[in-house]
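Chain by chain, the residues run as shown.
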Amino acid sequence: CSFVAVRAGISWGYTDPWFAYSWAHLTVPRMAYHVVYPGEDAFKQMAHFMDIVESGLDEDHDRLVLDLELDHGYSKARITQTAIDCMSILRQLTGRYPIIYSRADWVNTYLDVTRLPKLDWWLANYYTRLPYPKYTPEKTPPPALPNGVNSWFMHQTAEHGNGSEVGVVSHYVDCNRFNGTQAELLAY
């Protein structure tokens, strides 16, 4: 296990009860991710995200991620604007854009990538899960890329990998691959 992403929260009011414990006990490069609700105020959502992570954030090494995969019935224009607002707020607060987690088909449907800055894309693209308790094998990179995106930063290769193989109590774990070497990951 070379890196770990931990869910910090959702929208402007939910904090993952396991975040603080998990975040404090990681010894590999770490990312905190936040699930964005497209119809909610971007400032409130990012203020909540920063309230969750700020006290334990190592700005030189830790990375923030926006999880963009919910539409809640909103238009492409509204979802794109909320995403842009969230990214801009985090850039103002941290000096860098967040990593964007999503899937190619969702991005193609709900985001206007021509309006987005150059981003690091963490893209989910995996096989259909096998029935419990079986583990689903990892899909070989690269992931499917959204229209207008020509590179990927990380690939979520499975959603039901074997948790015990990476030292977690959970039966299942999401599996991901960085697009580069271990040295490049550490430098990033």
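Just so it is clear, the model here is predicted, and its values are computed rather than measured. (Residues numbered from 1 in each chain as written. Predicted model: local features only at pLDDT ≥ 70, side-chain atom pairs only at ≥ 80, totals over all residues. Heavy atoms only, no water.)

Caption draft 1: Representation of the overall build of the protein chain. The number of helices and strands found in the protein chain is five helices and eight strands. Reading the protein chain from its N terminus to its C terminus gives the helix and strand order β-β-α-β-α-β-α-β-α-β-β-β-α. Radius of gyration (C-alpha) of the protein chain: 16 Å, near the 16 Å computed for a compact globule of 188 residues. The buried share among the 188 residues of the protein chain stands at 41%. Residue pairs at least 24 apart in sequence account for 62% of intrachain contacts in the protein chain once pairs closer than 6 positions are excluded. Of the roughly 10,000 Å² of accessible surface on the protein chain, a fraction of 51% belongs to carbon and sulfur atoms. One way to put it: in the protein chain the 15 positive side-chain charges average out to a point 5 Å from where the 21 negative ones average out. (Helix = DSSP H or I, 4+ residues; strand = E, 2+ residues; numbered from the N terminus. Rg over C-alpha atoms; globule rule 2.2 N^0.38 Å. Buried < 20%, exposed > 50% of the residue type's maximum accessible area, 1.4 Å probe, protein only. Contact = heavy atoms within 4.5 Å. Areas by Shrake-Rupley, 256 points an atom, 1.4 Å probe, with all protein chains shown as cover. Lys, Arg positive; Asp, Glu negative; His and termini not counted. Charge placed at Lys NZ, Arg CZ, Asp CG, Glu CD.)

Caption draft 2: Structural detail: the packing of aromatic side chains. Per the counting criterion, the structure on display carries eight aromatic pairs. Aromatic pair Trp18 and Tyr21: ring centres 6.0 Å apart, planes at 80 degrees, arrangement edge-to-face. The class of Trp18 is exposed, set by a relative accessible area of 58%. When the centroid spacing of 4.9 Å and the interplanar angle of 75 degrees are considered together, the rings of Tyr101 and Trp122 count as edge-to-face. Of this pair, Tyr101 sits in strand 5 (residues 99-102) while Trp122 sits in strand 6 (residues 121-124), and the two are 21 residues apart along the sequence. There is no split in this pair, since Tyr101 and Trp122 are both buried. Each residue in the set Tyr132, Tyr135 and Tyr172 is aromatic and connected to the rest through ring pairs, giving one cluster. The residue whose ring lies beneath Lys44 is Trp12, and the NZ or CZ to ring-centre distance is 4.1 Å. Stacked on the ring of Tyr188, the Lys or Arg Arg63 has its end atom at 4.8 Å from the ring centre. (Phe/Tyr/Trp six-rings, centres within 6.5 Å; stacked < 30°, edge-to-face > 60°. Lys NZ or Arg CZ within 6 Å of the ring centre and 35° of its normal.)

Caption draft 3: Focus on the sheet that holds strand 1 (residues 4-10). Strand order in this open sheet of eight strands is 2-1-3-4-5-6-7-8, and the pairing throughout is mixed. Every other strand in the sheet has two partners, leaving strand 2 (14-15) and strand 8 (172-178) as the edge strands with one partner each. Here helix 3 (residues 76-94) sits on the sheet in contact with strand 4 (63-67) and strand 5, set at roughly 170 degrees to strand 4. (Pairing = 2+ DSSP bridges. Axes fitted to C-alpha atoms, helices over the stretch in contact; angles between N-to-C directions.)

Caption draft 4: Inspection of a negative patch on the surface at higher detail. A cluster of acidic residues, Asp51, Glu54, Asp58, Glu59 and Asp60, forms a negative patch at the surface. Relative to the assigned elements, Glu59 resides in the loop between helix 2 (42-53) and strand 4. (Patch = residues over 30% accessible without salt bridge, like charges linked within 9 Å, V, L, I, M, F, W, Y side chains within 5 Å. Salt bridge = Lys/Arg side-chain N within 4 Å of Asp/Glu carboxyl O.)

Caption draft 5: Highlighting empty space enclosed by the protein. In this structure the tally under the stated criterion is two cavities of 30 Å³ or more. Computed from the structure, the largest cavity encloses a volume of approximately 90 Å³. Around the largest cavity sit Leu57, Glu59, Asp62, Arg63, Leu64, Leu90, Thr94, Arg96, Tyr97 and Pro98, which together line it. Counting only elements with at least two residues in the lining of the largest cavity, the list comes to strand 4 and helix 3. Of the residues belonging to the lining of the largest cavity, the class tally is five nonpolar, one polar and four charged. Reported here for the second largest cavity is a volume of approximately 50 Å³. (1 Å grid on protein atoms, 1.4 Å probe; cavity = no way out; pocket = protein on both sides within 12 Å on 5 of 7 lines; lining within 4 Å. Points joined across faces, edges and corners; volume = space filled by probe spheres on them. Nonpolar A, V, L, I, M, F, W, Y, C, P; charged D, E, K, R; others polar.)

Caption draft 6: Representation of helix 3 in the model. Helix length check: helix 3 (19 residues) gives 27 Å between terminal C-alpha atoms against 27 Å at 1.5 Å per residue, within 8%. If you check which residues of helix 3 are buried, you get Ile79, Thr80, Thr82, Ala83, Ile84, Cys86, Met87, Ile89, Leu90 and Thr94. The inward-facing, buried residues of helix 3 abut helix 2, strand 4, strand 5 and helix 4 (104-110). Just downstream of helix 3, Gly95 is the residue with a positive phi angle, here 85 degrees. (Expected span 1.5 Å × (residues − 1).)

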